[in-house]
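# Analysis of the macromolecular model
Listed below, chain by chain, are the residues.
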Amino acid sequence: MTNDFQTWRIDAPGQTLVLASSGGIPGALYWGAALPTSLDVSSLAAGVARDVTGGMIDVLPELSLCPEAGNSFQGQAGLVAYRDGVALHPRFLLTEADGLRFVCRDATEKLTLTFTFAVEGDVISAKTTLDADGVVALHHLAAPVLPGPQYGEDILHFTGRWIGEFQLERSPWRAGLLMREARSGRSGHEHPPIAYFPERGATNTQGAVFAMHYGWSGGHVMYAEELPDGRRQIQWGHATGTRPAGAHFETSKLYMSASETGLNGCAVAFQRHLRDRVVTWPHPERPRPVHYNCWEAIYFDHDLQELKAIADRAATLGAERFVLDDGWFGKRDDDTSSLGDWDIDPRKWPDGLTPLIDHVHCLGMVFGLWFEPEMVNMDSDLARAHPEWVLGAVDQIEGRQQRVLDLANPEVRAYLYDKIAAVLSTHDVDYIKWDHNRLLPISDATQAEGVYALMAQLRADFPTVEIESCASGGGRIDAGILKHTQRVWLSDSNDAQERLRIQHDAALMLPAAITGSHVGPRHCHTSGRVHDIAFRAWVAAQRHMGFEMDPRELTEAEAQVLTEVTAWWKANRDWRMAADILRLDSADPSVLAEQQMAGDGTQFVVFAGKAATSAQIIPRPLRLTRLDADADYKIELINRSESHHLSRREMPLKSGPLTLNGQFLMQHGLILPWSFPDRMWVIEGRRV
Ligand code: DGJ
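Residues numbered from 1 in each chain as written. Predicted model: local features only at pLDDT ≥ 70, side-chain atom pairs only at ≥ 80, totals over all residues. Heavy atoms only, no water.

In this section: the overall build of the protein chain. Check the secondary structure of the protein chain and you find 13 helices and 35 strands. Considering only C-alpha atoms, the protein chain reaches an extent of 75 × 70 × 40 Å along its principal axes. Counting only residues that meet the buried cut, the protein chain has 61% of its 688 residues in that class. Summarising the internal contacts of the protein chain: among those between residues at least 6 apart in sequence, 69% fall at separations of at least 24. In the structure as shown, the protein chain presents an accessible area of about 25,100 Å², 51% of it carried by carbon and sulfur atoms. Separation of charge centres in the protein chain, based on 65 positive and 90 negative side chains, amounts to 4 Å. (Helix = DSSP H or I, 4+ residues; strand = E, 2+ residues; numbered from the N terminus. Buried < 20%, exposed > 50% of the residue type's maximum accessible area, 1.4 Å probe, protein only. Contact = heavy atoms within 4.5 Å. Areas by Shrake-Rupley, 256 points an atom, 1.4 Å probe, with all protein chains shown as cover. Lys, Arg positive; Asp, Glu negative; His and termini not counted. Charge placed at Lys NZ, Arg CZ, Asp CG, Glu CD.)

This structure, assessed with the given rule, holds 44 salt bridges. Residues R105 and D133 are paired through a salt bridge, measuring 3.2 Å at the closest nitrogen-oxygen approach. Linking R105 in strand 7 (residues 101-106) with D133 in strand 9 (residues 123-141), this pair joins segments that are 28 residues apart in sequence. Among the salt bridges present, the one from D430 reaches R286, with a minimum N-O distance of 3.0 Å. Linking D430 in the loop between helix 7 (410-426) and strand 25 (431-434) with R286 in the loop between helix 2 (262-278) and strand 20 (291-293), this pair joins segments that are 144 residues apart in sequence. Judged by relative accessible area, which is 8%, D430 ranks as buried. (Salt bridge = Lys/Arg side-chain N within 4 Å of Asp/Glu carboxyl O.)

So, about the site of the ligand. As a structural note, the neighbourhood of the ligand is formed by 13 residues, with D325, D326, K433, D435 and D492 the closest of them. Within the side chain of D326, an N or O atom sits 2.6 Å from an oxygen atom of the ligand. Between an oxygen atom of the ligand and a side-chain N or O atom of D492, the distance comes to 2.5 Å. In isolation the ligand exposes 290 Å². Once the protein is present, 97% of that is buried. (Near = heavy atom within 4 Å. Polar contact = N/O pair within 3.5 Å; in protein donor to acceptor, adjacent residues only side chain to side chain.)

Counting residues in hydrophobic clusters, the biggest one holds 170 residues, and the most contacted among them are Y196, W328 and L510. Apart from the residues lying within four places of it in its own chain, the contact partners of W328 are H302, W342, D343, I344, D345, W349, L353, L369, W370, F371 and V423. With 24 residues, the next largest nonpolar core counts V591, A608, L622 and I683 among its residues. (Core = buried A, V, L, I, M, F, W, Y, C linked by side-chain atoms within 4.5 Å.)

Read around the barrel, 8 strands follow the order 20-21-22-25-26-27-28-29 and close on themselves; strand pairing throughout is parallel. On average, each strand axis in the sheet is tilted by 30° relative to the strand beside it, whichever way the strands run. Its contacts with the sheet put helix 4 (residues 304-317) on strand 20, strand 21 (321-324) and strand 29 (544-547), and the angle it makes with strand 21 is roughly 150°. Its contacts with the sheet place helix 11 (residues 533-541) against strand 28 (515-519) and strand 29, and it is angled at close to 165° to strand 28. (Pairing = 2+ DSSP bridges. Axes fitted to C-alpha atoms, helices over the stretch in contact; angles between N-to-C directions.)

With that settled, the discussion passes to the confidence of the model for the protein chain. Close inspection of predicted coordinates is inappropriate in any region flagged by low pLDDT. Mean pLDDT for the protein chain: 95, with 97% of residues reaching 70 or above. Considering only residues more than four positions removed or in separate chains, one finds that residues 50-60, a stretch of pLDDT under 50, has 19 contacts. (pLDDT = per-residue confidence, 0-100.)

Our next topic: the packing of aromatic side chains. Enumeration over the complete set of coordinates arrives at 22 aromatic pairs. With centroids separated by 5.8 Å and ring planes inclined at 80°, the aromatic side chains of W216 and Y452 adopt a geometry described as edge-to-face. Of this pair, W216 sits in the loop between strand 15 (209-214) and strand 16 (220-226) while Y452 is found in helix 8 (residues 445-461), placing the two residues 236 residues apart along the sequence. The residues W216 and Y452 share a single accessibility class, namely buried. Aromatic pair F329 and W342: ring centres 4.3 Å apart, planes at 45°, arrangement tilted. Here the residue F329 occupies a position in the loop between strand 21 and helix 5 (354-362), and W342 occupies one in the loop between strand 21 and helix 5, the gap between them amounting to 13 residues. Judged on exposure class, the residue F329 and its partner W342 are both buried. One aromatic cluster is present, built from ring pairs that chain together W328, F329, W342, W370 and F371. In this arrangement the basic side chain of R499 is found over the ring face of W489, its NZ or CZ atom lying 4.5 Å from the centre. (Phe/Tyr/Trp six-rings, centres within 6.5 Å; stacked < 30°, edge-to-face > 60°. Lys NZ or Arg CZ within 6 Å of the ring centre and 35° of its normal.)

Quick look at the sheet that holds strand 17 (residues 232-238) now. Pairing between the strands of a sheet comes from backbone hydrogen bonds, and it takes one of two forms, parallel or antiparallel. The 4 strands lie next to each other as 10-17-16-13, forming an open sheet whose pairing is antiparallel. Strands with a single pairing partner mark the edges of an open sheet, and in this sheet they are strand 10 (146-147) and strand 13 (176-181).

Turning our attention to the packing of helix 10 (residues 496-506) against helix 11. Packed helices, taken two at a time, are described by the angle their axes make and the gap between the axes. Between helix 10 and helix 11, the least distance of the axes is 9 Å, while the angle of their chain directions is 20°. Overall, the two elements helix 10 and helix 11 adopt an arrangement that is roughly parallel. The hand of the helix 10/helix 11 crossing is left-handed. Counting all contacts with helix 10, which are made through A496, Q497, R499, L500 and Q503, the residues of helix 11 involved are F535, R536 and V539. Residue composition of the contact of helix 10 with helix 11, by class: 4 nonpolar, 2 polar and 2 charged. (Parallel < 35°, antiparallel > 145°, perpendicular 65-115°, else oblique. Left-handed = near helix turned anticlockwise from the far one by under 90°. Nonpolar A, V, L, I, M, F, W, Y, C, P; charged D, E, K, R; others polar.)

It is a general feature of regular strands that their side chains alternate between the two faces of the sheet. The buried fraction of strand 19 (residues 254-259) amounts to 6 of the 6 residues, a majority that puts the element mostly inside the structure. Both faces of strand 19 are covered, namely the face carrying L254, M256 and A258 and the face carrying Y255, S257 and S259. Inspection of the sheet shows strand 9 paired to strand 19 by 3 bridges, in the antiparallel sense. Bridge assignment links A126 to a residue of strand 19, and that residue is L254. Sheet analysis places strand 15 next to strand 19, joined by 6 bridges and oriented antiparallel. Its bridge partner lying in strand 19, Y214 is registered against L254.

A few words on helix 8. In this model helix 8 runs 25 Å from its N-terminal to its C-terminal C-alpha over 17 residues, within 8% of the 24 Å that 1.5 Å per residue would give. Buried residues along helix 8 sit in contact with strand 17, strand 24 (403-404), helix 7, strand 25, strand 26 (466-469) and helix 9 (479-482). (Expected span 1.5 Å × (residues − 1).)

Once that is clear, we can look at the packing of helix 11 against helix 12 (residues 556-576). Contact geometry for helix 11 and helix 12: axes closest at 10 Å, N-to-C directions at 15°. Between helix 11 and helix 12, the angle is such that the two are roughly parallel. Here helix 11 runs over helix 12; the crossing is right-handed. Between helix 11 and helix 12, the residues in contact are I533, A534, R536, A537, W538 and A541 and E558, V561, L562, V565, W568, W569 and R576, respectively. Split by residue class, the contact of helix 11 with helix 12 holds 10 nonpolar, no polar and 3 charged.

Laid out in structure tokens, this is it:
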């Protein structure tokens, strides 16, 4: 390679990334809205060249894909590694480039860095590989580093907790570092590996936005740094210092999206990418089945006759998959014992699981089963036989009375494979709920690699079995785990009001088809609240719908509502499970609303959930989005019968379908009937 200035462009729908190099590591010259295909991107150099005081950089590009401490870069370096305890300060030179793969070498330090880019549907993926001559200890390796937007004021990132997943945080760009790091050994409730970088004034539906998602389940780090000279850099990688020393390292893929249509542009790109490119569906032709999960109905108290009666009622309501949750193995009467002993408990199941499975099949449902393979109770035959398979110090603090098995050990994986395969090969199991309820005692990337390997082996040998990723609810949701799974259990909160909010914010990443959502008990077990059945049912119907209460608690009137909503869900699932979820900019902060839009734009459904009492009396209009301004739409409030008698205002929407113009719906918006909080309006729209 020569030291001449060179440029390369990578185009994905709606975005262009231009890389440039003049010898050393290439860097981003431009990342944003799609550039005209006819543009000669080398001409962009003139527009961005600048003289930076302090001698930090005076050549393009502004930031390299791996900023190097050895090149006087004083921010966070993209590579921090040691050989024999001595810090390495490489200065790489580009040796090969084909536009998607860039190889850089430091002959003195004997290191090779490779950056690989790919266009995957609507997103651009990027990853970094480090190869060393001899062993090095790696502290940090960044996926290709990109500049943060100069017009951005805030960073939207996520925090969360058990039963409170996907909470949006807004932090200002300011001098220094915003660092998010998941050191729990999973992508985690606390630091979901995704962030948005909006430009000033961007909303859900308008404005320029950049977004990134790091597809790794073992804990990650994000740096969003503003340097003293004003440049901004964004880095993602595995959590620092979590890999064993070695000679070859790879980051996970970093997924990038740039939008001119607000947060929704990036959200839709991620939703489509996960649904259509990352997840592999065991039965792509099969509609997503309505779930029933027995956890909140019976907990550990398994009884065949009770479960049969529950299954009867669940099937009548419309369930199509029956899931037996925790408690069927070992001597698992509570959470103190038996994790690791994956043999059917003969006390609870004297004739095995087959009588229940047969019953479920007779009702026209498929059967699913819970496992928590990576975990072990010290009160288990497994821990007694193999204490050396348990990770962490003997006197470690336990979480949920359990410890973690060493999945990096092939013997442990073989044991777990044999146990799970024994159940799958002797029972007709359609689905596994794969749980993970405690943090690693010490964060270690090889654990997640072991989990992926075990899942991959099971998926290869049992390709028709779907897997759900659950980790105390939504503690392991990322593109890495979704390569091996098809559904996420977004939260253990079945509180419809909380779930409405969690779903709304998780839609910045997750499509409906992979987001589980269940109708919980009348008295919510995690919040103590009571919500009526219509609200509970509609919130679950926003995503991959299921039930998770003892269905025998439902009154006839409640059962009728749930049956009707479930029937509506089934009638619309084919297009809705492939739809885009567009978050709406609600003028009333108590209303959380979204528009699910069919791929061809001919139909949509709006869910407008009221999560609190409004400040004002009359409902504010709700603007829709991405409609054809010139087209008319037939609009129908399909649950208008839920209108409260205190909603006295005469409005046509309450009495039947209306035809309204697209521009009007986007500019003025729809005024919905007044309602109490904890209610959902559901509006269907169809282009006429
Ligand atoms: C935690 C999960 O999030 C719950 O849904 C349930 O499966 C329990 N574990 C079972 O122990």
